[in-house]
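# Reading the structure
Residues per chain are reported as follows:
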Amino acid sequence: MRLLRFLRSSVTIGKDIDFYSRFSPSPLSMKQFLDFGKSCTGSENACEKTSFAFLRQELPVRLANIMKEINLLPDNLLGTPSVRLVQSWYMQSFQDILEFKDRNADDEKVTYDFTDAVIRIRNRHNDVIPTMAQGVVEYKETYGTDPVVSQNVQYFLDRFYMSRISIRMLLNQHTLLFGGKVKVNPAHPNQIGSIDPHCRVSEVIKDAFENARNLCDRYYMNSPELILEEFNAKDEGKPVAVVYVPSHLYHMVFELFKNAMRATMELHGDAMEYPPVHAQVALGSEDLTVKVSDRGGGVPLRKIDRLFTYTYSTAPRPSIDGSRAAPLAGYGYGLPISRLYARYFQGDLKLYSLEGYGTDAVIYIRALSTESIERLPVYNKSAWKHYKTIHEADDWCVPSKEPKDMTTFRSF
């Protein structure tokens, strides 16, 4: 009887996922996030009801869209313990939200319970990134890799992690605005949820550098200095500030500083002085640009694309000992995840390397909050085809590693 109830429940959930996956997610701009947060001052109850009404529709759509894509992965990858665990988290979160589908938004207990559910979902998904990465490692160690599967997994993980960033953004905004007794964060009194309307870019960069430097000192007993420059073309002489999520910017520059420091320390070995890491911040009419430059020897052109491949790392993989201390390097998803943070609000992250000298890493961020719009994956026929299409041979010739023996060449 219990098995029958479970099977009936699974069929119902499957139908719900099919239903919500037919809708496209609704991308929000940074300005929309900000305006909604500002409007909540003095009318909190009305805002919480509005947020509740939006999230109980939008979260199932975003979850269902990516859950349909998870099912398109190879069966052997789906069968790994880590991927099955991630699937169970998504299934449980999807069910948790659907429980509020027909609940009364005017009932304060309903909105209170919903906020509690949102906090539980956010906490449940804390370890999605390393757990999914572990699943890919388990698959590769058991079954090896082939180019087609690797290409599909790369495509999926970019979309999966982007979806995760977007869902977490919604969850964080709701919980920070409505989920605590203290409505103004004393550490960040000017923030609207997780968004800072006047994010001082250089302050975030200095904070990220100091924390990366602490890690570097722990590993190498020394570290390079930082030279930071600002160029404000919009308002000369004033500090560069934009509407942005400081934690996203921090994540990106922290990753770039870790890479720059490690390359510098390993190239220059036991030198008494190390070349400094340069950071430049430039604000124009359309873009905010952050460039991090090092003299760590650079990377060959053929390896640049690999640096954005999940699980690729030039450092040895650290042991998983249960401690939450951040390693300096080794897991291989720091750069690709950082690029997704940049792309999430229509920016980008690019690497330019001078092999034998050093590397420039450049983060592009939209300067206008109206142009910073969420970039969200959609499950549709185009996405489905990407997983199902047999990849044909390249239509450019592949150069042979061995020189052709012209004495055996025959003309036709």
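None of these values were measured; they are calculated from a predicted model.

### Here we look at the overall build of the chain
When you go through the chain residue by residue, the secondary structure sums to 13 helices and 7 strands. Looking at the chain as a whole, 46% of its 412 residues qualify as buried. Taking all contacts inside the chain whose residues are at least 6 apart in sequence as the whole, residues at least 24 apart take part in 79%. Of the roughly 22600 Å² that the chain leaves accessible, carbon and sulfur atoms contribute 52%.

### A look at the nonpolar core
Counting 111 residues, the largest nonpolar core has Phe-94, Phe-160, Tyr-161, Val-201, Tyr-244, Leu-249 and Phe-257 as its most contacted members. Looking at which element gives the most residues to this core, the answer is helix α8 (residues 147-178), with 14 residues. Among all residues touching Leu-249, those that are not within four sequence positions of it are Cys-199, Val-201, Val-204, Tyr-244 and Ile-365.

### Some thoughts on the packing of helix α5 (residues 81-98) against helix α6 (residues 108-124)
Relative to each other, α5 and α6 sit at 170°, their axes nearing to 10 Å. Between α5 and α6, the crossing angle belongs to the class labelled roughly antiparallel. Here α5 contributes Trp-89, Gln-92, Ser-93, Asp-96 and Ile-97 to the contact with α6, which in turn contributes Phe-114, Ile-121 and Arg-124. Class assignment for the residues of the contact of α5 with α6 results in 4 nonpolar, 2 polar and 2 charged.

### Quick notes on the side chain of Asp-348
Topologically, Asp-348 is positioned in strand β6 (residues 348-354). Residue classification places Asp-348 among the buried residues on the basis of a relative accessible area of 15%. Of the polar contacts made by the side chain of Asp-348, one reaches the side chain of Arg-343; its length is 3.0 Å. What Asp-348 contacts, discounting residues up to four positions off in sequence, is Arg-339, Ala-342, Arg-343, Val-362, Ile-363 and Tyr-364.

### Section: the pairing of strand β7 (residues 358-366)
Examined bridge by bridge, strand β5 (residues 287-294) and β7 share 8 bridges and lie antiparallel to one another. Bridged to Asp-294 within β7 is Thr-359. By the bridge criterion, 7 bridges tie β6 to β7 in an arrangement that is antiparallel. Note on β7: the bridge partner recorded for Ser-353 is Thr-359. From the end of β6 to the start of β7, which pair antiparallel, there are 3 residues, and Gly-356 there has a positive phi angle of about 95°.

### Notes on the pairing of strand β4 (residues 277-283)
Only one face of β4 is buried, namely the one carrying Val-277, Ala-279, Val-281 and Leu-283, since none of His-278, Gln-280 and Ala-282 on the opposite face is buried. Of the strand pairs in this sheet, strand β2 (residues 226-232) and β4 are connected by 7 bridges, and their pairing is parallel. Bridge pairing links Ile-227 to His-278 in β4. The pairing of β4 with β5 spans 6 bridges and is classified as antiparallel. Across the sheet, the residue bridging to Ala-282 is Thr-289, located in β5. Between β4 and β5, which pair antiparallel one after the other, the connecting turn spans 3 residues.

### Observations regarding the sheet that holds β4
The 5 strands lie next to each other as β2-β4-β5-β7-β6, forming an open sheet whose pairing is mixed. Of all strands in the sheet, those bounded by a partner on one side alone are β2 and β6. The average undirected angle you get between the axes of adjacent strands in this sheet is 15°. Of the strands in this sheet, β6 and β7 touch helix α12 (residues 334-344), which is tilted by about 130° from β6.

### With respect to the environment of Ser-21
Note on placement: Ser-21 falls in helix α1 (residues 2-21). Given a relative accessible area of 6%, Ser-21 falls into the buried group. Ser-21 sits 358 residues away from Tyr-379 along the chain, and the two C-alpha atoms are 6.8 Å apart. At 2.9 Å, the side chain of Ser-21 and the backbone oxygen of Asp-18 are in polar contact.

### Considering α5
Across its 18 residues, α5 extends 26 Å between first and last C-alpha, which sits within 8% of the 26 Å expected from 1.5 Å per residue. Residues of α5 that are buried include every one of Ser-82, Val-83, Val-86, Trp-89, Tyr-90, Ser-93, Phe-94, Asp-96, Ile-97 and Leu-98, and no others.

### Remarks on the environment of Tyr-143
Assignment of secondary structure puts Tyr-143 in helix α7 (residues 128-143). For the pair formed by Tyr-143 and Leu-77, sequence separation is 66 residues and the distance between their alpha carbons is 9.1 Å.

What counts, and at which threshold
- Residues numbered from 1 in each chain as written.
- Predicted model: local features only at pLDDT ≥ 70, side-chain atom pairs only at ≥ 80, totals over all residues.
- Heavy atoms only, no water.
- Helix = DSSP H or I, 4+ residues; strand = E, 2+ residues; numbered from the N terminus.
- Buried < 20%, exposed > 50% of the residue type's maximum accessible area, 1.4 Å probe, protein only.
- Contact = heavy atoms within 4.5 Å.
- Areas by Shrake-Rupley, 256 points an atom, 1.4 Å probe, with all protein chains shown as cover.
- Core = buried A, V, L, I, M, F, W, Y, C linked by side-chain atoms within 4.5 Å.
- Axes fitted to C-alpha atoms, helices over the stretch in contact; angles between N-to-C directions.
- Parallel < 35°, antiparallel > 145°, perpendicular 65-115°, else oblique.
- Nonpolar A, V, L, I, M, F, W, Y, C, P; charged D, E, K, R; others polar.
- Polar contact = N/O pair within 3.5 Å; in protein donor to acceptor, adjacent residues only side chain to side chain.
- Pairing = 2+ DSSP bridges.
- Expected span 1.5 Å × (residues − 1).

Any functional reading would require information beyond the geometric quantities listed.
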